[in-house]
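Below are the chains, spelled out letter by letter.
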Amino acid sequence: MDVSIRDAAMNAYREALPALTASVAGGLIAGVVFGGMRAELRTVPGLLVLVPALLATRGNVYGSLGARVSTGLHQGLIEPRFHDIDERLVRATGAALFNGLLASAFAALVVFSVLSFVGTTVASFLTLVAIAVIAGIFSGSVLIITVITAIFLGYQRGRNPDDLVGPIVTTTGDIFGILFLLIAVRLVLAVGGIF
Amino acid sequence: MPTAWTVRDITKAMLPVLCILTIVEVGSGFVLGRFEAQLLKYPALLALVPVTIGTAGNLGSILAARLSTALHLGTLVFAVDNEPLLGNILATLALSISIFPIVGVGTWGLTTLFGDPALTAETVILISITSGTCLAVIAVAVALLATYLAYRFELDPDDVVLPVVTNVCDVLGVVVLVGVAQLFI
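Residues numbered from 1 in each chain as written. Chains lettered and ligands numbered in written order. Predicted model: local features only at pLDDT ≥ 70, side-chain atom pairs only at ≥ 80, totals over all residues. Heavy atoms only, no water.

(A) Geometry of the packing of helix α1 (residues 3-35) of chain A against helix α4 (residues 83-114) of chain B. At their nearest, the axes of α1 of chain A and α4 of chain B sit 7 Å apart, and the two run at 25° to each other. Overall, the two elements α1 of chain A and α4 of chain B adopt an arrangement that is roughly parallel. The two elements α1 of chain A and α4 of chain B cross, and the hand of that crossing is right-handed. Looking at side-chain class alone, the contact of α1 of chain A with α4 of chain B contains 20 nonpolar, seven polar and one charged residues. (Axes fitted to C-alpha atoms, helices over the stretch in contact; angles between N-to-C directions. Helix = DSSP H or I, 4+ residues; strand = E, 2+ residues; numbered from the N terminus. Parallel < 35°, antiparallel > 145°, perpendicular 65-115°, else oblique. Left-handed = near helix turned anticlockwise from the far one by under 90°. Nonpolar A, V, L, I, M, F, W, Y, C, P; charged D, E, K, R; others polar.)

(B) Structural view of the packing of aromatic side chains. Counted by the stated rule, this structure contains seven aromatic pairs over all chains. Here the aromatic rings of F112 of chain A and F125 of chain A are separated by 5.8 Å at their centres, their planes lie at 50°, and the arrangement is tilted. Highlighted residues: F112 of chain A in helix α4 (residues 87-117) and F125 of chain A in helix α5 (residues 125-156), separated in sequence by 13 residues. Look at F125 of chain A and you get partly exposed, because its relative accessible area is 30%. Residues Y148 of chain B and Y151 of chain B carry aromatic rings whose centres are separated by 6.2 Å and whose planes lie at 45° to one another, so their mutual orientation is tilted. (Phe/Tyr/Trp six-rings, centres within 6.5 Å; stacked < 30°, edge-to-face > 60°. Buried < 20%, exposed > 50% of the residue type's maximum accessible area, 1.4 Å probe, protein only.)

(C) Inspection of unusual backbone geometry at higher detail. Backbone geometry places D84 of chain A, a non-glycine residue, at a positive phi of 50°. Mapping D84 of chain A onto the fold places it in the loop between α3 (47-75) and α4. Since its relative accessible area comes to 59%, D84 of chain A is described here as exposed. Phi at A118 of chain B is positive, roughly 65°, even though this residue is not glycine. Position of A118 of chain B relative to the elements: it lies in the loop between α4 and α5 (121-152).

(D) The arrangement of the pattern of salt bridges in detail. All names here are of chain A. Under the criterion given, the structure shown has three salt bridges over all chains. With a shortest N-O distance of 3.1 Å, E87 and R91 are connected by a salt bridge. In this pair, E87 and R91 both sit in helix α4, four residues apart, roughly one turn of the helix. (Salt bridge = Lys/Arg side-chain N within 4 Å of Asp/Glu carboxyl O.)

(E) Spotlight on the state of the cysteines. Residues and elements named next belong to chain B. Evaluated as defined, the whole model comprises zero disulfides over all chains. Left without a disulfide partner, C134 is nearest to the cysteine sulfur of C169, which lies 13 Å away. Looking at C169, the relative accessible area reads 2%, which means it is buried. (Disulfide = S-S within 2.5 Å.)

(F) Main features of the packing of α4 of chain A against helix α1 (residues 7-34) of chain B. The geometry of α4 of chain A relative to α1 of chain B is characterised by a closest axis approach of 9 Å and an angle of 35° between their N-to-C directions. Relative to α1 of chain B, α4 of chain A is oriented so that their crossing is right-handed.

(G) Quick peek at the interface of chain B and chain A. Tallying the contact residues gives 53 residues for chain B and 56 residues for chain A. Taking both sides of the interface into account, the surface hidden between chain B and chain A amounts to around 4900 Å²; carbon and sulfur atoms contribute 77%. The tally of links between chain B and chain A comes to one salt bridge. Linking R66 of chain B and E15 of chain A is a salt bridge whose minimum nitrogen-to-oxygen distance equals 2.8 Å. Counting every contact that joins chain B to chain A gives eight residue pairs in polar contact (both at pLDDT 80 or more). For the side of chain B that touches chain A, the secondary-structure elements that each account for two or more residues are α1, α2 (36-41), α3 (43-73), α4 and α6 (157-184) of chain B. With 17 residues, α1 of chain B is the single largest residue contributor to the side of chain B that touches chain A. Class assignment of the residues belonging to the side of chain B that touches chain A gives a composition of 32 nonpolar, 16 polar and five charged. (Contact = heavy atoms within 4.5 Å. Buried area = accessible area lost by both parts, 1.4 Å probe. Polar contact = N/O pair within 3.5 Å; in protein donor to acceptor, adjacent residues only side chain to side chain.)

(H) Expanded view of the nonpolar core. Counting 82 residues, the largest nonpolar core has F34 and M37 of chain A as its most contacted members. Looking at which element gives the most residues to this core, the answer is α3 of chain B, with 15 residues. In this structure M37 of chain A touches L47, I178, L181, L182 and V185 of chain A, once residues within four positions along its chain are discounted. Counting 27 residues, the second-largest nonpolar core is a separate cluster that includes L164 of chain A together with I10, L15 and C19 of chain B. (Core = buried A, V, L, I, M, F, W, Y, C linked by side-chain atoms within 4.5 Å.)

(I) Geometry of the environment of T170 of chain A. Within the element layout of this structure, T170 of chain A appears in helix α6 (residues 161-192). Since its relative accessible area comes to 25%, T170 of chain A is described here as partly exposed. Distance from T170 of chain A to R58 of chain A, taken between C-alpha atoms, is 8.6 Å for residues 112 residues apart in sequence. If we ignore the near neighbours within four places in the chain, the residues touching T170 of chain A are S23 of chain A together with N58 of chain B. A polar contact of 3.2 Å, which involves the side chain of T170 of chain A, links it to the backbone oxygen of P167 of chain A.

(J) Region of the structure containing the confidence of the model for chain A. For chain A, mean pLDDT is 92; residues scoring 70 or higher make up 98% of the total. At the low end of the mean pLDDT range in chain A sits α6 of chain A, at 90; at the high end sits α4 of chain A, at 96. (pLDDT = per-residue confidence, 0-100.)

Right, dumping it as structure tokens:
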């Protein structure tokens, strides 16, 4: 094989391995929690169908927030400080949370509608949307804090925040996504049962 | 084009794409729903779901991000002897071959630690490695196609390619995992 191609491959491999390893570690932890969630998945029919969309929303929304904040730092649009927080940053995080909740509720609506339409047993729309929104609020809040803190600290230490966003969002997104989903299901079941 | 930092502008730029991606992801949810009985019977298989989805999406998005940077820098050419192209494809395959055995061992080990995995270590590792290898090939194909289309239609690959590739790989991750599981269970 051409030496320069092999060098390019080894270089790409070395650069990607840490991020991929971190996300695998996150995914494994999320997997164990998910594997232990069978009782809840049985109790709330349709929840399993909802899971990929909810997890992806975390990645899409907070990955985009991270990329935006990182670009903003590069452009000098926002200041990396934790006190007296930049107004642009407040609006960007607010928009992320808002869009994340809308997308989660939308996912619940699509899952409920399609499953009802094809005549599969499905929990009530209220149950699914409550779980999606509560899980979205919890995981969104934690992800906002984690992503912003990591980007600011990394930036202050001279790291390129662009390289931090992907691994942080995928790793913490999976763990918190599943963990808060479990908590949200238990909360909704405790409060209302299956409507 | 950069959007202004207001809730309204960010929502206008983000929400339509987000809703389309949500529908795509619900598609993979239906695949899971179709095999719900099997997934609930085997905790180790259920535990493979998030990590397989995540890793497949990551393999695709890392490759797409690198191709997109090379495209911006002008070093990427869609030719069979192009260094960044071949090097990154090889790296993706190598990453998959090294990471999915760990995914299998880790999933079996952790589910055993917290309960009964209901599958042998051999089965879990076989499922993980087989689906991982298929997914690496798929991630390469999806990332290449998306980057090429972005280049042809002069879209900024950073805006469009990354979310599309990540979500398509997520969905195919579920399809491949469930499909491969049928071969070994």
